[in-house]
Amino acid sequence: MDDTISLPTRMPWTSLATVIGVTALLVAGLLGTVSADRAALVGVATGVLLALSLWLSGWDRWQAVGTVLASVLALPVAVGLSLATGGTVVSLGAELFPVTSQAGVRPAVVTLLSQVIVVLGCLTAVFGATAATRGVVDTERVGTYGGVVVRTTAVPFAVALVLFTRGAVDFLQSNAGTPGVQQLTGEALTQVLEPIFDPVPGRTHIAIFSLLLALAAAALARGLDALPLSELVPETSDAPDVDRAVAVVERTFRWTGRLALLVAPVAGLFELGLGQESLAGLLPAGLYDFIVAVTAAPGLRGLLWWLFLSGTVVSVAVWFLRRTVQSSADRVGTVLAPYVGGGVITLAVVAVAGPAVDAIETALRATPAAAAVEQFFVPILDVYGPETVTLALAVVALFSLISVAGQLSVALATSYLRERTAGVTLAAAGLFGASAFAATLSTPTWLVLAGLVGAVVVWDAGSFGTTLGHEVGSGAATRRTELVHTGGTVAVGGVGAAATAGLSGVARGSIAVEPSVAVAGLVVCLVAVLALVAAIR
Amino acid sequence: MHRRVRRWSGGLAAALFLVSVSLLTAEPLLLAATAIPLIYVAYGALSRMPAGTDLQATRSVSDAQPTPGEPVAVELTLTNTGSSSLTDVRVIDGVPEELPVVEGSPRLCTSLRPDESATLSYAVMAKRGTYTFDAAAVRVRTLSASDEVTVDLPVAGDGTLTCSNTVSEVPMADATLPRAGTLPTDTGGSGLEFHSTRSYQPGDPVNRIDWRRYAKTDELTTIDYREEQAVRTVLVVDARPPARVTPEPGFPTGAELSAYAAERLFDALSRTSVVASVCAVGLASEDVPGGLGPDGLAWVDASGGHAAAHARQIFDSVGRAAARQSDADSAGDADVSEDDQPEQPGGEATRATTADGGTIEDPALLAVLARLPPTAQVVVFSPAADDWPVSLVSSLSVREYPTTLVSPSLARGDSLGAAVASTERTARLQRAELSGATVIDWDLDSPIDVALRASLADLFSV
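Residues numbered from 1 in each chain as written. Chains lettered and ligands numbered in written order. Predicted model: local features only at pLDDT ≥ 70, side-chain atom pairs only at ≥ 80, totals over all residues.

### As for the confidence of the model for chain B
Where the model shows low pLDDT, its predicted coordinates should not be examined in detail. Residue and element names in this part refer to chain B. Taken as a whole, chain B shows an average pLDDT of 78; of its residues, 80% reach a score of 70 or greater. Confidence over residues 166–181 falls short of pLDDT 50; this stretch has 30 contacts with residues more than four positions distant or in other chains. Taken together, the stretch residues 332–358 has pLDDT below 50 and engages in 37 contacts with residues farther than four places along the chain or on a different chain. Across the predicted assembly, pTM comes out at 0.66 and ipTM at 0.73. (pLDDT = per-residue confidence, 0-100. Contact = placed C-beta atoms within 7 Å.)

Dropping the structure here:
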């Protein structure tokens, strides 16, 4: 039988129904034991959204649309991931802490940790089971999705960085009066920025002014050169000769820039070497006053700075547009879509910044970390404003999503996850971990055992179904075999669960007598069983 | 082939995970729960293929000698003749690679108790030639799927499918054939049927002098009979890329069906001693053994030796060209096959240059016209997927060649595209008919002989 024939490796319906049904039941049961209800629900939704995003990013039929949607969905997924973990911690933290005695700390931490892991496990299980329906976890798709998320993050990251830098500069400058490090940095910043934007009045500043003029003129010339002015004028005989006019203006700007660049060092030498009095003596009185007025005017400096910025922006934008129109629409859509999505995300975050920050502050104040809120969160908010803080939080959440995509692709690249069974393996691992940690909460024993057996059944039915789909194809009748196979697995699991129930009865009794000895004995027993199994194999 | 699949080894890792969580959280239940993964590991390790496993397979083919383009139902019955139940038996029938499966799947997965049988049914599309089924591939797994055996199981029963491409009998045995190989013309001369009389000219044969008239009027008169000239029949097969369209995957292409119809007509004509030439248009030189002629046509004249063998080579070449095209299509863009659909600029160009009385610029068409002998009946075989055959037929009619167009109908299914293609083809056939040709619309659902009989009867009653 040839395994290399590449049939569509869609698993048959019966196996798929087993995987999804068992996962849904167990996730519902396990999440019932978690007290952070809302975080749990957000986690489940995030799992579905993550699988949907992966599928969208590999949607061949509408590539551009799929990329845009995957990119825009990146924020809900990222926020969902953060809420599922952070939200559980916050809501449980409020519930469990502060503990009354020193001995209560450890159980509280274990409970907190267990609940977070149960929520994360359920998230993984839902993601894996959803992904398994279409087989969307493969190297190519995960790589594409990672690229989309990275490019989506680029825009809010850049905006957050700019806002942060501005906030930091403003803050440090305003701090110049406070003694200590702030004073040093604030003074340094003031020394750098003041001669440029806010010069001392009553004296000439020809050198710096010339430099600024040169920069602005060069940027304007470049921007003018980039604009398609002559292409926009109709090609008729009576059309104005725009080309020549533009060339004249551009040449003027260039020469102004060069002249200013030449003047700058000479003027600098004169200003430093001669001093203001000699300069005033050398120049006619009217001219000196005029130069002082022009070169020291802060408004003019600001205008030149903005001219420089707008010239640069125009040339970059035109270069970008020129590149864009040369590419195919689909490619442009795919490449640009994440940036557009990032822009949308940035705008959305900025729009909801105020209420979001308030909500976070209220949630944090309810936890034992209320003191930290007063000490760190509020001052940061005062300095940087709610927009910057929210944007920074969104960027951190997006980075966590990038790290998830990275972990997935590393797992696929190192074959810890096989492409064919990646979805069901993730679902089973999530369920198994969640069930194991649920045992430490007040979960009924039957649910823990059902979770452990169910995780194995999910993996077994999924991988068996995938192999079946690969070898026989989904067109053939396979239900009988699938049911028989899954029935066998469930039966074996039942035996295992019964053995566990019996063993735990024994263990509970023994632990009541002498806990450490019993645990040690059980570990020895286990090692012996492992060795026996290894020998049998 | 026996193979062990280590699919339960993850259980050991799961057991270790449970131990570590148990120690971390001081939860004895989890330590006991290591029984669950460990029992699965044991389940996988201990599960073995039972001794005395035995399977038998029988295949039945509904029609071992179908006609091309006909679906043939195949059934494979698998019986567990061993003593133990088999929970997971997977079988793939050894369908010949060339035959596409058009219905059902030749694969099955089932569980079989002792003496229980399972049947696998599917249908393949028949193609010309003889095809042998391979042994069925069978894979048996244990319940835990950790032990598997793969074998090639010899299959009893039908093992071949033969799709004959020659006619066992002349299909138009009952067709009226007034005089094989001759065409009555409108000029007087020697013959059998009275045509006209004229005044005697020296040198006229003595046996054609009207002696009665001479006795009555004392004038010498010569009787002309209707002259009967032997003519050639030229079979033109349209095998250009636009004709190599197929309504659904695995179905013979228009060019192949045209060649098939031409081949059957050629065989029938050979038996009735008509002088027949064969010409295929649109082949590449690598398709034809010995290459194409200098004018780009594959042409076999009846006068040369081994004409029948050469003609058959040409018919086979059409099949090769179609196969080459479908390979190229599947290897390259899926759009290539769509490029050959009827609504193509190529067809437009041809139409523009061959309007009634207009000039003709298509090189293949010019080559056919140049090569045709002055007296010939022409039978054109084409699916009429573009306007080329209409141009050819109207050009032939203008030159007063008796022309017949045999066109296999490719439209199948109810899709919009099929409806459009079918309407366009009907319009083309009507135009061909208006230009004076006899048109045979061969509906593939009716036997090919019916269309051929109509074609031949028409051909010989001209």
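### Details of helix α11 (residues 416–434) of chain B
Think of an α-helix as turning once every 3.6 residues; residues three or four places apart then point the same way. Residues and elements named next belong to chain B. For α11, built from 19 residues, the straight-helix expectation of 27 Å at 1.5 Å per residue is met to within 8% by its first-to-last C-alpha distance of 27 Å. Within α11, the full set of buried residues consists of A421, R425, R428, L429 and A432. Down the axis, α11 shows its buried residues gathered within 100° of arc, on one side only. Exposed and oriented more than 90 degrees from the buried face of α11 are L416, A419, T423 and Q430. Considering only its buried residues, α11 is in contact with α10 (388–398), β19 (403–409) and β20 (438–443). Positive phi appears at G436, one or two residues downstream of α11, with a value of about 110°. (Helix = DSSP H or I, 4+ residues; strand = E, 2+ residues; numbered from the N terminus. Expected span 1.5 Å × (residues − 1). Buried ≥ 20, exposed ≤ 12 C-beta atoms within 10 Å, placed from the backbone. Arc of directions from axis to C-beta.)

### Quick notes on the interface of chain A and chain B
Many analyses report the size of an interface as the accessible area lost when the parts associate. With 49 residues of chain A at the contact, the number on the chain B side is 42 residues. Here the element with the most residues in the side of chain A that touches chain B is helix α17 (residues 479–513) of chain A; it accounts for 17 residues. Each residue belonging to the side of chain A that touches chain B can be placed in one class, and the counts come to 31 nonpolar, 14 polar and 4 charged. (Nonpolar A, V, L, I, M, F, W, Y, C, P; charged D, E, K, R; others polar.)

### A look at the pairing of strand β12 (residues 160–163) of chain B
All names here are of chain B. Here β12 shows a buried face lined by L161 and C163 and an unburied face lined by T160 and T162. When strand β8 (residues 129–132) meets β12, the two strands line up antiparallel, connected through 4 bridges. The residue bridging Y131 from the neighbouring strand is L161, located in β12. (Pairing = 2+ DSSP bridges.)

### What to know about the nonpolar core
In this structure, A74, V119, C122, L401, A427, A428 and V458 of chain A are the most contacted members of the largest nonpolar core, which totals 147 residues. Beyond its immediate chain neighbours, meaning those up to four positions away, L401 of chain A contacts A74, V77, A78, L81 and V149 of chain A. Ranked by size, the runner-up nonpolar core spans 59 residues in total, among them L257, A298, I314 and W388 of chain B. (Core = buried A, V, L, I, M, F, W, Y, C linked by C-beta atoms within 7 Å.)

### Re the environment of A298 of chain B
Residues and elements named next belong to chain B. Within the secondary structure layout, A298 lies in strand β17 (residues 298–300). Separated by 15 residues in sequence, A298 and L283 place their C-alpha atoms 7.3 Å apart. Each residue touching A298, except ones within four places of it in the same chain, is listed here: C279, A280, L283, V288, L292, I314 and S317.

### Some words on the sheet that holds strand β6 (residues 107–112) of chain B
Residues and elements named next belong to chain B. Strand order across the open sheet formed by 5 strands is β1-β10-β9-β4-β6, with antiparallel pairing between neighbours. With one partner strand each, in any of the chains shown, β1 (2–4) and β6 form the two edges of the open sheet. Averaged over all pairs of adjacent strands, the angle between their axes in this sheet comes to 20°, without regard to strand direction. Note that strand β4 (residues 86–94) and strand β9 (residues 134–141) share 6 bridges and pair antiparallel. Pairing of D88 across the sheet is with R141, part of β9. (Axes fitted to C-alpha atoms, helices over the stretch in contact; angles between N-to-C directions.)

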